[in-house]
Amino acid sequence: NAGVMQNPRHLVRRRGQEARLRCSPVKGHSHVYWYRQLPEEGLKFMVYLQKENIIDESGMPKERFSAEFPKEGPSILRIQQVVRGDSAAYFCASSRNDPMGAQYFGPGTRLLVL
Amino acid sequence: GIQVEQSPPDLILQEGANSTLRCNFSDSVNNLQWFHQNPWGQLINLFYIPSGTKQNGRLSATTVATERYSLLYISSSQTTDSGVYFCAGDSGNTGKLIFGQGTTLQVKP
């Protein structure tokens with residue numbers, strides 16, 4: 001069984017560019033979560049999505065960040081006009097049928113903004 | 001939101017030693033998980049343990065939900081156990097895991 005897949009694993013962007021992070025959940029999982037780990041910090045919740053719906057985006061910065069989980073294809077976390085403070089590890093997790101249950105994490109995407 | 005406190009923040013062990021890591025929650029939690037972040041940054045699921053006790057090899061965990069804490073036991077530690085151990089919980093079945101700040105473990109050969 002394939003676990004949560006994330007790509008790219010490493011992404012380098014210059015200030016002002018766009019970053020697109022992809023996440024394919026565990027097969028059969030319909031709930032996706034994104035977390036961010038800033039350098040030397042713990043993990044912080046960003047957004048929770050089901051297919052075609054954003055359930056909770058209370059952890060997302062108000063500007064430049066967006067997320068989607070379309071009916072077909074991976075979940076996408078999009079960061080527009082990146083700034084150096086966006087440099088972090090972004091983790092995606094998935095769970096089976098509802099938020100009560102284990103979340104399985106992907107290997108993360110390490111974003112570096114120059 | 002809930003607060004998650006982990007102790008100790010740092011731990012250095014000699015290979016073969018045992019250790020106990022603790023996680024305290026400010027409120028009751030529904031989904032409680034332990035993770036190991038290895039030196040390469042990958043997050044490994046260790047336990048999903050909202051209550052009770054589970055064991056997996058040299059690792060075991062116990063959650064006392066009524067007392068709002070969980071313990072992770074590492075026995076006969078190995079150098080590959082090094083890394084950061086996180087606990088996380090969700091207080092309202094929201095799917096929003098709140099993480100502790102982690103315990104950084106270094107196991108010396």
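Note that the structure is predicted; figures quoted are calculated from it, not measured.

S.K.: Pulling in residues and values, what's your account of unusual backbone geometry?
M.R.: With an omega of -5°, the peptide bond between Asn7 of chain A and Pro8 of chain A qualifies as cis. As for its placement among the helices and strands, Pro8 of chain A is situated in the loop between strand S1 (5–7) and strand S2 (10–13). Cis rather than trans, the peptide bond between Ser7 of chain B and Pro8 of chain B has omega equal to -10°. In this structure, Glu52 of chain A takes a positive phi of about 70° despite not being glycine. Tracing the backbone through its elements, the reader meets Glu52 of chain A in the loop between strand S5 (43–50) and strand S6 (53–56). Of note, the phi angle at Arg68 of chain B is positive, near 60°, even though the residue is not glycine. With respect to the helices and strands, the residue Arg68 of chain B is situated in the loop between strand S7 (59–64) and strand S8 (69–74). The exposure class of Arg68 of chain B is partly exposed, given its relative accessible area of 38%.

Rules behind the numbers
Residues numbered from 1 in each chain as written. Chains lettered and ligands numbered in written order. Predicted model: local features only at pLDDT ≥ 70, side-chain atom pairs only at ≥ 80, totals over all residues. Heavy atoms only, no water. Helix = DSSP H or I, 4+ residues; strand = E, 2+ residues; numbered from the N terminus. Buried < 20%, exposed > 50% of the residue type's maximum accessible area, 1.4 Å probe, protein only.

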